[in-house]
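Remarks on the overall topology
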Amino acid sequence: MKKNIKVEFLYLNREDVLSLGLSMKEVITEVEKGLVEHGKKKVEMPPKPGIHTFPDAFIHAMPIYIPKYKAAGMKWVSGYPQARKYGLPYIMGILVLNDAGTGAPYAIMECGFETAMRTGAVTGIAAKYLAKKNSQVVGICGLGEQAIYQLLALKETVNFKIIKAYDIFDSAKNKFVEKMSKNYNLNIVAAKTAEDAVAGSDIVITACSENVKPFVKKEWLKEGVLGLPIELNLAWTDEAIFSVDKIILDDWKQFSEHVKRTGRKIPGMYSELGEIIAGIKPGRKNDKEKIWNSNYGLSVHDAMVGKLIYKKAINKGIGKKLRLL
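Some words on the sheet that holds strand β2 (residues 50-51)
- Strand order in the open sheet made by the 7 strands is β2-β3-β4-β5-β6-β1-β15, with mixed pairing throughout. Edge strands, defined here as strands with exactly one partner in the open sheet, are β2 and β15 (320-323).
- Across 2 bridges, β2 lies against strand β3 (residues 58-66) in antiparallel orientation. Bridge assignment links I51 to a residue of β3, and that residue is I59.
- Here helix α10 (residues 299-316) sits on the sheet in contact with β1 (8-12), β3, β4 (71-79), β5 (91-98) and β6 (105-110), set at roughly 75° to β3.

Things to note about the packing of helix α3 (residues 112-130) against α10
- Here α3 crosses α10 at 120°, and the two axes come no closer than 10 Å. Between α3 and α10, the angle falls in the class oblique. The crossing of α3 and α10 is right-handed. Packed against α3, whose contacting residues are E114, R118 and V122, the element α10 presents H301, D302, V305 and I309 at the interface.
- A per-class count over the contact of α3 with α10 returns 3 nonpolar, 1 polar and 3 charged.

Remarks on the pairing of β3
- By the criterion of burial, β3 is predominantly enclosed, with 7 of the 9 residues buried.
- From the end of β2 to the start of β3, which pair antiparallel, there are 6 residues.
- Where β3 folds back onto β4 in an antiparallel hairpin, the turn is made up of 4 residues, including K70, whose phi is positive at roughly 50°.

Regarding the pattern of salt bridges
- By the definition in use, this model includes 14 salt bridges.
- D202 is paired through a salt bridge with K222; the nearest N and O atoms lie 2.7 Å apart. In this pair, D202 sits in the loop between α6 (194-198) and β10 (203-206) while K222 sits in the loop between β10 and β11 (226-229), placing the two residues 20 residues apart along the sequence.
- For K222, a relative accessible area of 30% puts it in the partly exposed group.
- Linked through salt bridges whose partners overlap, the residues forming this network are K41, E272, E275 and K281.

Some thoughts on helix α2 (residues 24-39)
- Here α2 contains 16 residues, and its C-alpha end-to-end distance of 22 Å stays within 8% of the 22 Å for a straight helix at 1.5 Å per residue.
- The element α2 is extensively covered by neighbouring structure, given that 12 of its 16 residues are classed as buried.
- Of the residues making up α2, those classed as buried are M24, V27, I28, E30, V31, E32, G34, L35, V36, E37, H38 and G39.
- Two residues or fewer after α2 comes K41, characterised by a positive phi angle close to 60°.

With respect to the nonpolar core
- L151, F176 and I203 are the most contacted members of the largest nonpolar core, which totals 70 residues.
- With 9 residues, the single largest contributor to this core is α3.
- Ignoring any residue separated from it by four or fewer positions in sequence, one finds I203 in contact with A127, A131, S135, V137, V138, G139, L154, V158, L226 and L228.
- Within the second largest apolar cluster, 27 residues are counted, among which are V225, I247, I266 and Y296.

About the criteria used
Residues numbered from 1 in each chain as written. Predicted model: local features only at pLDDT ≥ 70, side-chain atom pairs only at ≥ 80, totals over all residues. Heavy atoms only, no water. Pairing = 2+ DSSP bridges. Helix = DSSP H or I, 4+ residues; strand = E, 2+ residues; numbered from the N terminus. Contact = heavy atoms within 4.5 Å. Axes fitted to C-alpha atoms, helices over the stretch in contact; angles between N-to-C directions. Parallel < 35°, antiparallel > 145°, perpendicular 65-115°, else oblique. Left-handed = near helix turned anticlockwise from the far one by under 90°. Nonpolar A, V, L, I, M, F, W, Y, C, P; charged D, E, K, R; others polar. Buried < 20%, exposed > 50% of the residue type's maximum accessible area, 1.4 Å probe, protein only. Salt bridge = Lys/Arg side-chain N within 4 Å of Asp/Glu carboxyl O. Expected span 1.5 Å × (residues − 1). Core = buried A, V, L, I, M, F, W, Y, C linked by side-chain atoms within 4.5 Å.

Encoded structure:
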């Protein structure tokens, strides 16, 4: 090793990332570009390995390399319902970005906010390509923090008229409806039951935790519906999933690992989402098709959004440089 060599990385905590003013619109742009590369099979992205210290918790490693954008790195992220008992967020972790030429890490950042934004962005993008053009009614079940970003992204891509929101806790539901109506100017109403939220909706989002029991039923699904389960297939009954016309996933290999672990099965996949966005396969063919699109979460999104965060931080002089070597 040469003497006097210096390797530094930029460290960004949650407050640093939040201070950058990251908009959902620009996150959607970056995520969509990454999905195109994934659809063309021009990324190196092994299925995320993980450990599970509780049946309903996970810690995942998510490595990625996107040659076109010279984006390389890995997210190490946990999802723990148990964390809330200690006043901690459900999602915690870090995102590391590496120089594609040397392998040296150049940024390490808190990834909770980035994860929330890019997860919402995928929903907005999926709806852009897969929802009926005249979709007006959105039903959402599970009103935790992620639900906020789901609706903010959908607002960017779909001209819907009303949102029906449901949560098993009335206090959470009423607080969410009030907040989204007041802060984001959305026409949102509280649904009395999950059925009320799902039935008659053109787009159905389930944003539940991994300990949810299947509750979305086949008979609730409207003709032409787009189902967007954020928690994989856990909130949907087998009958509901098998009743749709097209199954679309963000990554088949990664989803297959989930199926092996949980034992839950789905019909054959029609396409990966990136293939549709890249124009390799057609998406929705008519307004009668029922489409179910499960987005498990791709490290492609993290690398693209992470680079955006890094550039904004450098331009604004935010973060702390730390020396590695």
